[in-house]
Amino acid sequence: MSTFAGVGFSNDLDPVQAARKAAEQARNNLYNSRIDIAFVFCTMHYPPQDVLPVVFEELDQTRLVGCSTGGILLATGMEFHGIGIMAVSSDTVKFENVFTSHIDLQNPLEAGKILVQQAADEFRARQRKALLLFTDNLTIDTEEFLRGLREQAGPLPYIFGAGSSDNFHFDKTYQFHQNKYTTKGASGVFIGSAPYIGISCRHGWRPLGKPRHITEAEKNIVVSIDGEKPLDLYKTYFEAEAVTLMNNPMGQINIRYPIGIKLPGPEQDYLVRFIKDLGKNGELICQNNIAKNSETHIMIGNKETCLRAAETAAFDVKGQLKNKPARLILMIRSLVRQKILGRAAKQEIQVVRDILGKEAPFLGMCSYGEFFTYKDGNKNLRTAVQNGGIILLAIN
Amino acid sequence: MSENFFIATSVALFVVSSILAFLLIDRSDNVKKLSDSLKTLRLSFNELDEQARLIVRTDLELNKAQEELDKRLNGLDALQKISRLISTTLDENEIFQCLNQPILSELGFEKYLLLTPDKTAALETRASHGFPKEGVDAILGHLKENHALMEALKEGKIISSVRRTSPEDYRNLHQFFHVKHFILTGFFAQKDFLGMIFAGNQSDAFSFTEGDEELISILADQIGQAIQNARLFEEVYLARQKLESTVQERTRQLTLALEDLKKISKLKSEFISAVSHELRTPLTSIKGYASILITGKIGDIPEKVKERLEKINKHSDNLVKMINDLLDIARIESGRTEMRFEKHHLSTIVNSVQDLLTPQMKDKNIRFVVQLPPALPPVMMDVSQAERIFINLIGNAVKFTPEGGTITVKAKEDKNKAVISVTDTGVGIKKEDQEKLFNEFFRADNEINQQVKGSGLGLSLAKKITEAHHGSIWVTSESDQGTTFFFTLPFDRQEDASAHDSGEETA
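If you're wondering where the values come from, they're calculated on a predicted model, not measured in any experiment.

The rules we used
- Residues numbered from 1 in each chain as written.
- Chains lettered and ligands numbered in written order.
- Predicted model: local features only at pLDDT ≥ 70, side-chain atom pairs only at ≥ 80, totals over all residues.
- Heavy atoms only, no water.
- Pairing = 2+ DSSP bridges.
- Helix = DSSP H or I, 4+ residues; strand = E, 2+ residues; numbered from the N terminus.
- Axes fitted to C-alpha atoms, helices over the stretch in contact; angles between N-to-C directions.
- Contact = heavy atoms within 4.5 Å.
- Buried area = accessible area lost by both parts, 1.4 Å probe.
- Salt bridge = Lys/Arg side-chain N within 4 Å of Asp/Glu carboxyl O.
- Polar contact = N/O pair within 3.5 Å; in protein donor to acceptor, adjacent residues only side chain to side chain.
- Nonpolar A, V, L, I, M, F, W, Y, C, P; charged D, E, K, R; others polar.
- Core = buried A, V, L, I, M, F, W, Y, C linked by side-chain atoms within 4.5 Å.
- Buried < 20%, exposed > 50% of the residue type's maximum accessible area, 1.4 Å probe, protein only.
- 1 Å grid on protein atoms, 1.4 Å probe; cavity = no way out; pocket = protein on both sides within 12 Å on 5 of 7 lines; lining within 4 Å.
- Points joined across faces, edges and corners; volume = space filled by probe spheres on them.

Asker: Looking at this structure, I do not really get the sheet that holds strand S7 (residues 367–371) of chain B. What am I missing?
Answerer: Residues and elements named next belong to chain B. Across the sheet, five strands lie side by side as S7-S9-S10-S12-S11; this open sheet has mixed pairing. At either end of the open sheet lies a strand with only one pairing partner, and these are S7 and strand S11 (473–478). Direction aside, neighbouring strands of the sheet carry axes that sit 15° apart on average. Both strand S10 (residues 417–424) and strand S12 (residues 482–490) contribute to a ladder of eight bridges, which runs antiparallel. Of the residues in S12, the one forming a bridge with Thr-423 is Thr-484. Strand contacts of helix H8 (residues 346–363): S7, strand S9 (406–414), S10 and S12, with the helix running at about 175° to S7, the strand carrying the most contacts.

This is the structure we're talking about:
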């Protein structure tokens, strides 16, 4: 036996029925093998207090990790209403799940360290290849939390994951662990001993115009770029319309022409920062932190660039799997990306499946912010938060 | 020596200075070149930046259009799915069950409500999504009080956050429905208000546009149409049910009436039979004694007494004939007459009847014409009974045809039966009398019937005998232009539980 996965989905109006149906389907598609871990994603129509106990029991009280989401990604497309479950059984891959709540009440750096310390030594640290996390990006300082994780996790090559989401209300999201749930917390799983594991994070936005520098920034607020107000920079591109278009956090400029921060390292990649709001003095209030003195560009993205990015991510993963077929595919996609892709959203799933294998069980969720690991200029591992990203995880 | 040293040093210094100067000049050139390159690069960057600005403006417009187009296409896709779903059912409850699924979410609405007025004109919820029960109750309460809003909806107005004229128009609705963006409109059948649909979003990511208004408007039309179809179908169905029920009831009543009629008819036949039997016995005595007295066996009787006795005898004969006819009718009706079906040529019977009635025809100088096709197949009949049909019809023809007239007997083949006609050039029968002609005891009101006595049973008997042969009998006539009686007799044996045939066919 190797690694197998079974996917179940239900959009029954009754949460308990939906949970039962989705769990049954996942189990049946796994041909009733022993379940080592289950990934569970629910849209906001399904209260976790009703769903999780049912799923936990139906799946023999296995390890359960997941979160709330604004959309569930299936092989057939995206569903804005339902419960999606991927049950995994493996002789070779080890899973160990971790959980913490009320990060907002703690020092996020310490909380990150404690999360890693929590993990029982089910398999030796050096066999841990990756840590997949779902956090509440709306309320916690994710960057600090990830820094704490990274410091404690040591040589763990890959920390990745995403922020749980809701249906564009930016209100309250949930993280799941076994038959419990929390808000303002984090739930995740260590993955280890996998012969081949492929992880990639891409976004699809490209730098536009000439490079500039963040001359002044405070956490997620860009105060000045090249000594000028950031709003003035946008006005040079969009004229007076810039103000109107940036009033809405999901406005055209905010998500299609975000700020990009150049990452140190060989990959020449960018951290995308969507603009949440305008400050009184023309500052940009972004989704996540911006480092002062970073090289920056206005970024441009559309559905074609997003699809190309998805393709690149899939090829990255395929290379990491040494071109062997994937046994399961987990996809995390920024909910904002969904808005950019529009009707091409389904196409993005098809692109990934075409490259990684149409037969592989597939499940995904839509997120508020994604995080991934990269190597900086000194080849040190760093974990950063991305906006508008697509993350792929495949195991063979 | 020191001079040479000085010269050598000077030369060396000069050479070194020259080399340094040369290097310096070269470096300056390079620096200048680099500076120029940097300037060119900066210019290129600025030019690229300018181009980027142009690209971005076009890109922005394209993206806006693309987003609107995508939204419309998604909306139309979802609308088509919904339309197909609700048009497959003609049950109003099923329509709303379909709409109670999260399918309307595919149109991009987080919350929606479909309300229709019940029999008391109060609004009731038929489909809802995204609202807790208490929320729905509160909304219904508010709508009940908001007469202006209901009036506007009934007039066909669309109320939405897209087309706000002033904040007051919609602020309350925001609060009650807990949404930032909404559309509210009624759905109609013709001009009748059937209900209303509310769709709303809390998130600014899904604010409404005029396109969404149009979408909701189309959806409302489709819902109205579907409900109207369902209601019409139900009306038709109920009417049909009622009609079927009425038909069944009438059929039941008619069946009962028929049963009653059959019973009455049977009772009548039995009565006639019983009475006729009872009458025949004393009549036989009357006739017997009259005959004996007439013969003078008991003693001589005066001539005048003899005349009267002969009249008694004659009338007794008439009465006996009438009673026999009644008995025959009763027996045929009740199936007690044994029919012996055999094949016989019509010509045989016609000739026999002609012989019988020739004296009467000669008295009135009536011409008798027989036109029977030579190839006419033999007919399946009880000869003695069938003869009585001919006797009655031809006898009547003789009675009602004036002197010098003509009676014609014809026959033709019509599929599996022979159609026989007896035509006279007599006085004819009035239209109103033709319907009752075959009723027992009926006699048409004319001069001849007033003069010539009859029982009124002949045609009734002829009809019964024809029907016992599985044939039919009818008449066509015009006053003063003559009459034709038609009747049919089968060529082959007909299945009938009450009929007995000889089992042999004769040519």
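Past the structure itself, the notes keep going.
Asker: What should I look at first to understand the interface of chain B and chain A in this one?
Answerer: Interfaces are often sized by the amount of accessible area the parts lose when they come together. Facing 27 residues of chain B, the contacting portion of chain A comprises 30 residues. Buried surface at the junction of chain B and chain A, both sides included, amounts to about 2600 Å², of which 54% is carbon and sulfur. Looking at the side of chain B facing chain A, the largest losses of area belong to Val-56, Leu-60 and Glu-67 of chain B, adding up to 20% of the total buried there. Connecting chain B to chain A are six salt bridges. Among the salt bridges present, the one from Arg-343 of chain A reaches Asp-77 of chain B, with a minimum N-O distance of 3.1 Å. One can count 17 residue pairs in polar contact (both at pLDDT 80 or more) joining chain B with chain A. Ranked by residues supplied to the side of chain B that touches chain A, first place goes to helix H1 (residues 2–87) of chain B with 17 residues. Considering only residue class, the side of chain B that touches chain A consists of eight nonpolar, nine polar and ten charged.

Asker: Which parts of the structure should I look at to understand the nonpolar core?
Answerer: It is characteristic of soluble globular proteins that their nonpolar side chains tend to be buried jointly. By size, the foremost hydrophobic cluster in this structure holds 63 residues, and its most contacted members are Phe-39 and Tyr-234 of chain A. Formed by 46 residues, the second largest nonpolar core is a distinct cluster that contains Val-409, Ile-473, Phe-485 and Phe-487 of chain B.

Asker: Could you clarify how one ought to interpret empty space enclosed by the protein in this entry?
Answerer: Any empty space left between the atoms is revealed when a probe the size of a water molecule rolls over them. Residue and element names in this part refer to chain B. All chains considered together, the criterion is met by one cavity of 30 Å³ or more. The space that makes up the largest cavity amounts to roughly 40 Å³. Listed by contribution, the elements that provide at least two residues to the lining of the largest cavity are H1 and helix H6 (210–295). Its residues placed into classes, the lining of the largest cavity shows one nonpolar, two polar and four charged.

Asker: What is the right way to look at the pattern of salt bridges in this model?
Answerer: Side chains that differ in sign of charge can pair as their charged atoms come close. The full count for this structure, using the stated rule, is 40 salt bridges over all chains. Residue Glu-348 of chain A is joined to Arg-333 of chain A by a salt bridge in which the shortest nitrogen-to-oxygen separation is 2.9 Å. Taken together, the residues Glu-348 of chain A in helix H10 (residues 345–356) and Arg-333 of chain A in strand S21 (residues 328–334) connect sequence positions 15 residues apart. According to the relative accessible area criterion, Glu-348 of chain A is buried, its value standing at 0%. Of the charged contacts in the structure, one is a salt bridge between Glu-67 of chain B and Lys-339 of chain A, with a shortest N-O distance of 3.3 Å. Residue Glu-67 of chain B is found in helix H1, and its partner Lys-339 of chain A is found in helix H9 (residues 335–341); the two belong to separate chains. The buried category is assigned to Lys-339 of chain A, whose relative accessible area is 18%.

Asker: I'm lost on the side chain of Thr-173 of chain A in this one. Help?
Answerer: All names here are of chain A. Mapped onto the elements, Thr-173 comes out in the loop between strand S9 (158–163) and strand S10 (175–177). Of the polar contacts made by the side chain of Thr-173, one reaches the side chain of Asp-136; its length is 3.4 Å. Among the polar contacts made by the side chain of Thr-173, one reaches the side chain of Gln-175 at a distance of 3.4 Å. Leaving out residues up to four positions away in the same chain, Thr-173 has contacts with Ser-68, Asp-136, Leu-138, Ser-164, Ser-165, Asp-166, Thr-182, Thr-183 and Tyr-368.

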